[in-house]
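Coordinate inspection notes
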Amino acid sequence: MTLVGLHESVVGDVKGALLVLLGAVALVLLIACANVANLLLARAAARQREMAVRAALGAGRWRIARELLTESVLLSLAGGGLGLLAAFWGVRALGQWSGASLPSMHGIGIDAWVLTFTLGVSVLTGLAFGLAPAVQAGRANLNAALKEGSRGDTGGHRHRLRHMLVVSEVALALVLLIGAGLLIKSFSRLLNVHPGFRAEGVLTFQVTLTEGQSSSQNVHFVDQVLDRLKALPGVQAAAATDSLPLTDYARITAVEIEGRPPIDFSRAKPGEVTPASRPTVTLDYFHAMGIPVKSGRAFSAPDARPGAGAVIVNEAFAKHHFPGEIAVGKRIRLLAGGETRWQTVVGVVSDVRQGGLAAEVLPEVYSPELEDAGGALSFVLRVTAEPTSLIPAVRRVVAEVEPNQPLHNVMTMEQRLADTTTSRRLNTVLLGSFAAAALLLTVVGIYGVMSYAVTQRRREIGVRMALGAQRSEVLGLILRAGLRLTLLGAAIGLVGALAVTRYLSSQLYAVQATDPSTLLGIPVALMGVALLACWLPARRAARVDPMVALRSE
């Protein structure tokens, strides 16, 4: 037995993915706060003489801080309002794009709770990025500010604070970039996984067999439908099964092998007995699905007779139960449903990803006896034309055989295959978008700090060049200052990424959370982008005219 809670069955692994995305949003918000705090610090430095005059005229520290905090909160509320407007469109777009990958998506929208949350976050972020300028203004030296206010910011503590904010931006952005890099690499490898069948040119639909009918009546219905479907123009093969790939439905059984000790379930430990899936298929199923036969043969007409005892197993079954042996010709017994007869393996087919591209491949035993099929059947058509063009004809064929028989889940196999990756694609795109936003904010932050530093050091640079410093030396001076901040932030971010990315493990496929190429490649790429952000202010510094710089002072 496989026991799964109802909540877990409905939600699946969505909870983990949403928590990861929530964490990513929080990191982007922190980076934005650091960026805006840097801008406000620069603005406060430009207003330090104004603040000194206010303080000299009697304004207290709390009054000045209150004014600065009010400005930052108003700025944050304006940004929150714009974000809320974007969210109306974003939630609608997310619902259309995510499809069925997000349960209860129809109930998600902008309500009173979201409005309250947005208001609270806006106020808190306004206080967060406005706190640093307010504290710095309260610590200002009035005499120094009034004497040197015309020269701009001369406080070393302000420079250190701005540098710390840039370092934190780089560190947080690197964590996001590494997480996005791992997901992108994982998703790329997932798309390269072969499902075990050829999805191109395959149309599928499902029916629920009428209750109360005998197994022979159900077999007669299936045979009639298949005969009529095969007669349609452009249909190469038609088949039916009670366990279509990618539907995550399978009947499970334990298996005994002839000549080996029987299974004692009273003594068996959990995990000791390897289960097998037991799909029922019609004769042309492997041809219709494009599943290659690796050894032996496919089913033939005599195999479909009741009691024929012919089965086909997949490669996983053959490797597990017959390692180093030839599976064809072996006899097995399925222990589900009170089965007592031995059945002969007549062929081995390729492994099929029954539960999705990332799901584990189970051993499978295919049976051609439709009398054993479940109550729901899936029909498969391999066609030469566009599969969806045959949907009206397929509906007409089923209605001719059984007028009251509805069809559901009518779609191509390529659609089913794409649906299995919708959730991972959504997670990858969203986290990648957040990482891109974080990178953009970080680059802007580095550029802003270095550009401001060049402006503040204009007189110093003019003196250096007047004393004989070359343009290349000035360029190197600014670049080294920016790269030191980036290297420190990258080192901190790499440590943080090693601690955080382990929570991504459940979202990764065939990629370790400590993937070396990602952990080394992303920081190198970030250093390159940061170098470009530093180079632009450095180039402007190298072009400073010493006479103009000294005269302006």
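Reading guide: rules and limits
- Residues numbered from 1 in each chain as written.
- Predicted model: local features only at pLDDT ≥ 70, side-chain atom pairs only at ≥ 80, totals over all residues.
- Heavy atoms only, no water.
- Helix = DSSP H or I, 4+ residues; strand = E, 2+ residues; numbered from the N terminus.
- Buried < 20%, exposed > 50% of the residue type's maximum accessible area, 1.4 Å probe, protein only.
- Areas by Shrake-Rupley, 256 points an atom, 1.4 Å probe, with all protein chains shown as cover.
- Lys, Arg positive; Asp, Glu negative; His and termini not counted.
- Charge placed at Lys NZ, Arg CZ, Asp CG, Glu CD.
- Pairing = 2+ DSSP bridges.
- Axes fitted to C-alpha atoms, helices over the stretch in contact; angles between N-to-C directions.
- Contact = heavy atoms within 4.5 Å.
- Parallel < 35°, antiparallel > 145°, perpendicular 65-115°, else oblique.
- Left-handed = near helix turned anticlockwise from the far one by under 90°.
- 1 Å grid on protein atoms, 1.4 Å probe; cavity = no way out; pocket = protein on both sides within 12 Å on 5 of 7 lines; lining within 4 Å.
- Points joined across faces, edges and corners; volume = space filled by probe spheres on them.
- Nonpolar A, V, L, I, M, F, W, Y, C, P; charged D, E, K, R; others polar.
- Arc of directions from axis to C-beta.
- Salt bridge = Lys/Arg side-chain N within 4 Å of Asp/Glu carboxyl O.
- Phe/Tyr/Trp six-rings, centres within 6.5 Å; stacked < 30°, edge-to-face > 60°.
- Core = buried A, V, L, I, M, F, W, Y, C linked by side-chain atoms within 4.5 Å.
- Patch = residues over 30% accessible without salt bridge, like charges linked within 9 Å, V, L, I, M, F, W, Y side chains within 5 Å.

Helices and strands together make up the secondary structure of the chain, namely 17 helices and 12 strands. Principal-axis analysis of the C-alpha atoms places the extent of the chain at approximately 105 × 55 × 50 Å. Here the chain holds 553 residues, and 44% of them are scored as buried. As displayed, the chain has an accessible area near 28200 Å², and 61% of this comes from carbon and sulfur atoms. If you average the places of the 52 positive and of the 40 negative side-chain charges in the chain, the two averages end up 17 Å apart.

If you trace the 4 strands from one edge of the open sheet to the other, you get β2-β11-β1-β12, paired in antiparallel fashion. On the outer flanks of this sheet lie β2 (235-241) and β12 (408-412), each paired with one strand and no other. Across the sheet, the axes of successive neighbouring strands diverge by a mean angle of 15°, strand direction being ignored. Pairing of β2 with strand β11 (residues 376-383), which is carried by 6 bridges, proceeds in the antiparallel orientation. Each residue of the ladder has a partner; that of T241, found in β11, is S378. Strands β1 (202-208), β2 and β11 of the sheet are contacted by helix α8 (residues 215-230), whose axis makes an angle of about 165° with β2. In the packing of helix α11 (residues 391-401) onto the sheet, the strands contacted are β1, β11 and β12, and the crossing angle to β1 comes to about 30°.

Another point: the packing of helix α15 (residues 471-500) against helix α16 (residues 516-542). With their axes 8 Å apart at the nearest point, α15 and α16 run at an angle of 150° to one another. Looking at the two axes, α15 sits roughly antiparallel to α16. By crossing handedness, the relation of α15 to α16 is classed as right-handed. Across the interface between the two elements, R471, V474, L475, I478, L479, G482, L483, T486, L487, L494 and L498 of α15 pack against L519, P523, M527, A530, L531, C534, W535, A538, R539, A541 and A542 of α16.

This part covers empty space enclosed by the protein. For the structure shown, the criterion picks out 4 cavities of 30 Å³ or more. In this structure, the largest cavity spans a volume of roughly 70 Å³. Taken together, L40, R43, A44, R47, L68, E71, S72, G130 and P133 make up the full set of residues lining the largest cavity. Looking at the lining of the second largest cavity, the elements that each hand over two or more residues are α7 (156-191) and α13 (422-456). When the residues that make up the lining of the second largest cavity are grouped by side-chain class, the tally is 2 nonpolar, 4 polar and 1 charged.

Residues of helix α3 (residues 48-56) that are buried include every one of Q48, M51 and A52, and no others. Axial view of α3: buried residues confined to an arc of 100°, hence all on one face. Directly beyond the C-terminal end of α3, a positive phi value near 115° is found at G58.

As for its position among the elements, L6 is in helix α1 (residues 6-11). Along the primary structure L6 and A497 are separated by 491 residues, whereas in three dimensions their C-alpha atoms are 34 Å apart.

A separate point is the pattern of salt bridges. Taken as a whole, this structure holds 13 salt bridges when the rule is applied. The shortest N-O distance in the salt bridge between E400 and R228 comes to 3.0 Å. Of this pair, E400 sits in helix α11 while R228 sits in helix α8, and the two are 172 residues apart along the sequence. With a closest N to O distance of 3.2 Å, K230 and D284 form a salt bridge.

The next subject is the packing of aromatic side chains. All chains considered together, the criterion is met by 6 aromatic pairs. On the numbers, 5.1 Å between centres and 80° between planes, the contact of F286 with Y366 is edge-to-face. Here F286 is found in helix α9 (residues 285-289), whereas its partner Y366 is found in strand β10 (residues 365-366), with 80 residues between them in sequence. Y366 matches F286 in its accessibility class, with the two residues each being buried.

On to the nonpolar core, then. Within soluble globular proteins, side chains that are nonpolar generally end up buried alongside one another. Judged by nonpolar contacts, the single largest core of 45 residues is most densely connected at L176, L431, I446, M450 and I461. Within the residue set of this core, elements represented by two or more residues are α2 (14-46), α7, α13, α14 (458-466), α15 and α16. Here this core takes 12 residues from α7, the largest share from any one element. Ignoring sequence-local partners within four residues, the contact set of M450 consists of I478, A481, G482, C534 and P537.

Among the surface-exposed residues, Y447, L532, W535 and L536 lie close enough to one another that they form a single nonpolar patch of about 360 Å² accessible area. Counting residues per element, the nonpolar patch draws most heavily on α16, at 3 residues. Of note, L532 is situated in helix α16. A relative accessible area of 52% places L532 in the exposed class.

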